[in-house]
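Next come the chains, spelled out residue by residue.
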Amino acid sequence: MTDNELLLAISDIMEKKLDARIQPLEDEIKSIKDEQRRINIIIENEIRSDIKMLAENYMPAAKKYTKEAAKMEAMQADIDVLKSVVREHSEKLQKIS
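Residues numbered from 1 in each chain as written. Predicted model: local features only at pLDDT ≥ 70, side-chain atom pairs only at ≥ 80, totals over all residues. Heavy atoms only, no water.

What follows covers the overall build of the chain. Each helix and strand in the chain was counted, giving one helix and zero strands. Its C-alpha atoms give the chain a radius of gyration of 40 Å, clearly above 13 Å, the size a compact globule of 97 residues would have. Reported as C-alpha extents along the three principal axes, the dimensions of the chain are approximately 130 × 25 × 15 Å. Within the span of the chain, comprising 97 residues, buried residues form 0% of the whole. (Helix = DSSP H or I, 4+ residues; strand = E, 2+ residues; numbered from the N terminus. Rg over C-alpha atoms; globule rule 2.2 N^0.38 Å. Buried < 20%, exposed > 50% of the residue type's maximum accessible area, 1.4 Å probe, protein only.)

In this structure the tally under the stated criterion is six salt bridges. Residue arginine 37 pairs with aspartate 34 through a salt bridge whose shortest N-O separation is 2.7 Å. Taken together, the residues arginine 37 and aspartate 34, both in helix 1 (residues 3-96) and three residues apart, mark about one turn of the helix. Residue classification places arginine 37 among the partly exposed residues on the basis of a relative accessible area of 49%. Accessibility expressed as a relative area gives 35% for aspartate 34, which makes it partly exposed. A salt bridge links lysine 92 to glutamate 88; its shortest N-O distance comes to 3.5 Å. (Salt bridge = Lys/Arg side-chain N within 4 Å of Asp/Glu carboxyl O.)

Within the secondary structure layout, alanine 62 lies in helix 1. As a C-alpha pair, alanine 62 and asparagine 4 span 58 residues in sequence and 80 Å in three-dimensional space.

Relative to the 140 Å expected for 94 residues at 1.5 Å per residue, helix 1 spans 129 Å between its end C-alpha atoms, a close match to the ideal helical length. The sharpest bend along helix 1 reaches about 35 degrees and sits at isoleucine 43. (Expected span 1.5 Å × (residues − 1). Bend = angle between axes of the 7 residues up to and from the residue.)

To continue, consider a negative patch on the surface. A cluster of acidic side chains, namely Asp12, Glu15, Asp19, Glu26, Asp27 and Glu28, defines a negative patch on the protein surface. If you trace the backbone, glutamate 28 turns up in helix 1. Since its relative accessible area comes to 47%, glutamate 28 is described here as partly exposed. (Patch = residues over 30% accessible without salt bridge, like charges linked within 9 Å, V, L, I, M, F, W, Y side chains within 5 Å. Areas by Shrake-Rupley, 256 points an atom, 1.4 Å probe, with all protein chains shown as cover. Lys, Arg positive; Asp, Glu negative; His and termini not counted. Charge placed at Lys NZ, Arg CZ, Asp CG, Glu CD.)

The values reported here are purely geometric and, on their own, carry no functional implication.
Below is the structure:
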């Protein structure tokens, strides 16, 4: 065999060995890409719509809570006034009797 033939044979052997080592890596990369596509589809179709629905429901609930909280504060102020008036009237009634 000539030097060129030997070099070609060595090159072929190395190429086959390299291909044998690279093929599992390529298969794994393809598997990872497929899984990434599947995850992206789940995110797009399920998670985004769920988040959108939560946001759509949160805003009205938050506004209602804010409105009701203000009402509760006003009611608490009224109750405090009523307590004060009842206490004052009770004292006056006790003095009369």
